[in-house]
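# Residue-level structural notes
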Amino acid sequence: MYDIFIAPFAEFEFMRRALVGMLALSFGAAPIGVFLMLRRMSLTGDAMAHAILPGAALGFLVAGFDLFAMTVGGVIAGFAVAISAGVVARVTQLKEDASLAAFYLVSLALGVLIVSMRGSNIDLLHVLFGSVLALDNATLVLLASFATVTLLVLALTWRPLVLECVDPGFLRSVSKTGGPAHIAFLALVVLNLVGGFHALGTLLAVGIMMLPAIAARFWATDLTRMIVLSVLFAFVSGYAGLLVSYHLAAPSGPAIILAAGSIYGVSLAFGHVGGLRRRFVPGRHLEA
Amino acid sequence: MISRRLILAAALSFAAVPALAPEKLSVVATFSILGDFVKNVGGDRIALTTLVGPDGDAHVYSATPADAKNLAASRVVFMNGLGFEGWIDRLIKASGTKAQIVTATRGIKARRMAGGHDHGHSHGHDHDHDEFDPHAWQSVANAKVYVTNIRDALIKADPAGKAEYEANTTAYLARLDALDKEIKAAIADIPAARRKVITSHDAFAYFKATYGIDFVAPQGVSTESEASAKDVAQIIRQIKARKIPAVFLENVSDPRLAKRIADETGAKIGGTLYSDALSDEQGPAPTYIDMMRHNLRQFADALMS
């Protein structure tokens, strides 16, 4: 047991670092995922993840695999797309999801083009799929600060955010905090996607955000429990994925996301809030 | 009447061809190192197009329509062979070129893929690639075979330039001989116990066999598969167990991973090695000879201290 579950982390620093990185990501990304899901913006997260690519790629073009350049580039590009999609949706006929789709497709193509201009296709693979096994101190500190900022901002904007999930009309009638809270929330989405990008790459970063959140939905009706569960699921996915990568020589990023996918599958089948088992094998009715 | 005029026109146009300025032999090489060999042999008589340019990874290159056009317009196409350019056969077919196709490694005793390639995940990419190690140019003796193959092919395509090609080849072979001696002398200066390094890409099997520096790789011989946690763990164990003094980054693989391994083991990080591609003109390895010298200096710097 020790050899399978603990020894890899005891023996190798890179495994410990990967695990710490996943812990930080879980605390930041998973709660954001819960809010995205509750606000029916699950696919928005995906679109924004692609939107980060050209910015990170520009950073890569300027400075290679430089943490600072790629982070700044990614954050700027993410904001630019989030804001411009919002603006286009307000001033034109287009719905926000349509303009996001347009923006993210363009961004993805642009990002791939920019990376290819400087580097090889292998560099492109590293940008798209990340390198969770190669987290250095600076990257870990970055991930941890993103998680800290996320939790703080979530605590500050908690009430308007929750209200907006439940009843946006009511929120608008009683308070003006909805707008700023929404922008703060979008900023958190971008921040966590950029953090996830360093570990898992642009294509998979959104996986660790959404899959645990969606899985948690099958186990809880209460928001606090849902968030705690999603963090737990995200971290367990990271841990299990790293173990699979260690023992079975699977690439680590995809292994982590597949672990999260398995948790989702189990939750889908057995979750007691709207899971399949509840649907086909109903529990006994309460009788007086 | 008309037919006579046609014949006249045809005769005139035939007469006109030799009057034009001597046209350069258009030649294609698949990647930068091979392109450098071809340039040294062909000199001014050829117009060379290199498909995968400096710093590009020819293993996973995706060909463009422009490549097919270049191929179709060329008279000779030089490829490395041994499964290095997995994409070239399709490209040749697609371009419909009538060029002479030359495998530059012909006559070289190809090495089988070294052990450590049995990861399981690296199977099934490309059959040729799983059998032979294509990086033959990493031994200068092999480079000389490349050069003579190129000379023969150019003479066949352009017999008029025979004398020039032969003179270029002789001069270049002499430089390669000097390079070979230089490498052997420099490596003799490194203590035998320290002649082992780790690189993120195992392209140096021929270098190892010829010059006696031991290379250990965290990834398979192809850069096509991503390193897993298991691979990284094995390599770290290996460095610690065998006390390997230096870790080298490679211009076509993830530098962050190599740095992590170096941090974790205390091995020294050497500079960038060029193995599969030359650098651009401003870089440290714009030609084959520069590349070999540059790599040699990197090994010496990291292993002597």
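Preceding this section is the structure that the text describes.
All values derive from a computational prediction rather than experimental measurement. (Residues numbered from 1 in each chain as written. Chains lettered and ligands numbered in written order. Predicted model: local features only at pLDDT ≥ 70, side-chain atom pairs only at ≥ 80, totals over all residues. Heavy atoms only, no water.)

### Describing the overall build of chain B
Our working definition: To qualify as a helix, a DSSP run of H or I must reach at least 4 residues; to qualify as a strand, a run of E must reach at least 2; elements of each kind are numbered from the N terminus. Buried means the residue's accessible area, taken with a 1.4 Å probe over protein chains only, is under 20% of the maximum for its type, while exposed means over 50%, and partly exposed covers the values in between. Working rule for contacts: check all heavy atoms of both residues, and any pair within 4.5 Å makes them a contact. For the accessible areas, the method is Shrake-Rupley and the probe is 1.4 Å, while residue cover comes only from the protein chains on display.
When its secondary structure is counted, chain B shows 11 helices and eight strands. Of all 305 residues assigned to chain B, the portion counted as buried reaches 51%. Taking as baseline every contact in chain B between residues at least 6 positions apart, the subset at least 24 positions apart corresponds to 66%. Here chain B has roughly 13700 Å² of accessible surface; of this, 55% comes from carbon and sulfur atoms.

### Thoughts on the interface of chain A and chain B
The condition is simple: Accessible area that two parts lose when put together, evaluated with a 1.4 Å probe and summed over both, is termed the buried area. Any carboxyl oxygen of Asp or Glu that lies within 4 Å of a side-chain nitrogen of Lys or Arg is treated as forming a salt bridge with it. In this classification, the charged set is Asp, Glu, Lys and Arg, the nonpolar set is Ala, Val, Leu, Ile, Met, Phe, Trp, Tyr, Cys and Pro, and all remaining amino acids, among them Gly, are polar.
Taken together, the contact pairs 23 residues of chain A with 24 residues of chain B. Taken over both partners, the interface formed by chain A and chain B buries close to 2200 Å², and the fraction arising from carbon and sulfur atoms is 57%. Connecting chain A to chain B are two salt bridges. Note that Glu13 of chain A and Arg260 of chain B form a salt bridge whose closest N and O atoms lie 3.9 Å from each other. The set of elements that each furnish at least two residues to the side of chain A that touches chain B consists of helix H3 (13–38), helix H7 (121–129) and helix H12 (223–248) of chain A. Partitioned by chemical class, the residues of the side of chain A that touches chain B number 13 nonpolar, seven polar and three charged.

### As for the sheet that holds strand E2 (residues 46–52) of chain B
Strand pairing in a sheet is mediated by backbone hydrogen bonds. Such pairs are either parallel or antiparallel. Residues and elements named next belong to chain B. Here is the rule: Strand pairing is assigned whenever DSSP identifies at least 2 bridges connecting the two strands. Structural elements are reduced to axes, namely lines fitted to C-alpha atoms, with helices fitted over the stretch in contact, and the angle between N-to-C directions of any two is expressed from 0 to 180 degrees.
Spatial strand order, E2-E1-E3-E4: four strands in an open sheet with parallel pairing. Looking at which strands have only one partner, the edges of the open sheet turn out to be E2 and strand E4 (100–103). The average angle at which neighbouring strand axes cross in this sheet is 20 degrees, direction not considered. Strand direction decides the pairing type here: strand E1 (residues 25–31) and strand E3 (residues 76–79), joined by three bridges, are parallel. Opposite Val28, over in E3, you have Val77 as the bridge partner. Across the sheet, helix H6 (residues 140–157) touches E1, E2, E3 and E4, and the angle it forms with E4 is around 170 degrees.

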